[in-house]
Amino acid sequence: VLLMAAGLLLRTLRIYATQNLGMQADGLLVFGVTPLEQPDTHAFYRTLLDHLRRLPGVDSVSMVEVRPGLGWSNKNLNLVLDGIEKQGEMWRVNLAGAGFFHTMGVPILAGRDIAESDAEGSQYVVWVNETFVKKYLANTNPLGHLLGGGDFRFTIAGVVRDSKYESVDEEPMPMVYYAKMQAPSIGTMNIEMRTRGDAMSILPELRETIASLYPNIPVEKPMTQHQQFDESYREHRMFAAMGGFFGVLAALLVATGLYGMHSFRVSRRT
């Protein structure tokens, strides 16, 4: 029974490892930064991203508030769409920087990507995933619809493919992405870098670049995007390892017992 359970757990791990994430996770490096004592956080992130894009072997750089695969997300229960409030509707939120979908390799189904011009003072815009469109805007052109109410009405500027957010085993949910540069202030963000070759190999140059710009700001939890998604099923991996260990141990105990019993019978016959 233990061996069978271990086999099923290993099969589950294989499914997780080969799961379609809805993005191109290969070559992605993610790490966090916090703008400590920076009077203008918008200028801080513009300067940081601009210097990181110049590093050799880097194709594109963007940022996101909650890194995919972290295991949690911002969720909302009330939705206001085109001035109509929908109570008890579960939908998720993330905030990202310019070129986020291009950097992550998430296909854009309609509209455009987040642009540098989506900053303070510009028209409020949002991006939604295909599950959001299927649930709330089916059989219509989703571009141009308004999300939110009062002075904060956001125009849908793009529709993107569903992608994994919390973990590899989650079911698709309505998702809304806001342009982070439109926020009045910016705190801790996660930088996503698309590189050529091994993503972790650029880490020394990355640290050196950030240290030259902002000596007191550390690089927080750097890892590949694949490693971050692996963290989302760490408990399953631990249970599979424990099941495999105890399954092999049980098999060895059974084999030892059978050998001892057989040896005893042979010695009695002799």
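Parameters at a glance
- Residues numbered from 1 in each chain as written.
- Predicted model: local features only at pLDDT ≥ 70, side-chain atom pairs only at ≥ 80, totals over all residues.
- Heavy atoms only, no water.
- 1 Å grid on protein atoms, 1.4 Å probe; cavity = no way out; pocket = protein on both sides within 12 Å on 5 of 7 lines; lining within 4 Å.
- Points joined across faces, edges and corners; volume = space filled by probe spheres on them.
- Helix = DSSP H or I, 4+ residues; strand = E, 2+ residues; numbered from the N terminus.
- Nonpolar A, V, L, I, M, F, W, Y, C, P; charged D, E, K, R; others polar.
- Core = buried A, V, L, I, M, F, W, Y, C linked by side-chain atoms within 4.5 Å.
- Buried < 20%, exposed > 50% of the residue type's maximum accessible area, 1.4 Å probe, protein only.
- Expected span 1.5 Å × (residues − 1).
- Arc of directions from axis to C-beta.
- Contact = heavy atoms within 4.5 Å.
- Polar contact = N/O pair within 3.5 Å; in protein donor to acceptor, adjacent residues only side chain to side chain.
- Pairing = 2+ DSSP bridges.

Colleague: For this particular structure, what's the right way to read the layout of surface pockets?
Modeller: A water-sized probe, rolled over the atoms, reveals where empty space remains. Considered as a void within the structure, the largest pocket measures approximately 310 Å³ in volume. The wall of the largest pocket is formed by 17 residues, among which R67, L70, N190, K221 and Q228 lie closest to the centre. Elements represented by at least two residues in the lining of the largest pocket include exactly β13 (220-224) and α6 (225-231). Tallying contributions element by element places β13 first for the lining of the largest pocket, with three residues. When the residues that make up the lining of the largest pocket are grouped by side-chain class, the tally is four nonpolar, seven polar and six charged. In this structure, the second largest pocket encloses a volume near 200 Å³.

Colleague: It is not clear to me how the nonpolar core should be interpreted in this structure. Could you clarify?
Modeller: A general tendency of soluble globular proteins is for nonpolar side chains to be buried together. Residues F31, Y45, L52, I191, M193 and L206 are the most contacted members of the largest nonpolar core, which totals 26 residues. Where this core is concerned, the elements lending two or more residues are β1 (28-33), α2 (41-53), β2 (58-64), β12 (189-195) and α5 (203-213). The biggest single contributor to this core is α2, with five residues. Counting residues in each nonpolar core, the second largest holds 23 residues, with Y16, F101, I114 and Y177 among its members.

Colleague: What is the right way to read α2 from this model?
Modeller: For an α-helix the count is 3.6 residues per turn, leaving residues at separations of three or four pointing the same way. If you check α2, its first and last C-alpha atoms are 18 Å apart, about what 13 residues at 1.5 Å a residue would give, namely 18 Å. Within the sequence span of α2, burial applies to T41, H42, F44, Y45, L48, L49 and L52. What you see down the axis of α2 is that its buried residues fit within an arc of 160 degrees, all on one side. For α2, the secondary structure elements touched by its buried residues are β1, β2, β12 and α5. The residue sitting at the N-terminus of α2 and contributing the capping side-chain oxygen is D40; that oxygen lies 3.2 Å from the backbone nitrogen of H42.

Colleague: Explanation requested: the pairing of strand β8 (residues 125-129) in the structure shown.
Modeller: The side chains of a regular strand alternate, residue by residue, between the two faces of the sheet. Counting buried residues along β8, five of its five residues qualify, which places the element largely inside the surrounding structure. Side chains V125, W127 and N129 project from β8 onto one buried face, and the interleaved V126 and V128 project onto a second face that is buried too. Across five bridges, the pairing between β8 and strand β10 (residues 154-160) is parallel. Paired with V126 across the bridge in β10 is I156. Two elements, β8 and strand β11 (residues 175-179), share three bridges in a ladder whose sense is antiparallel.

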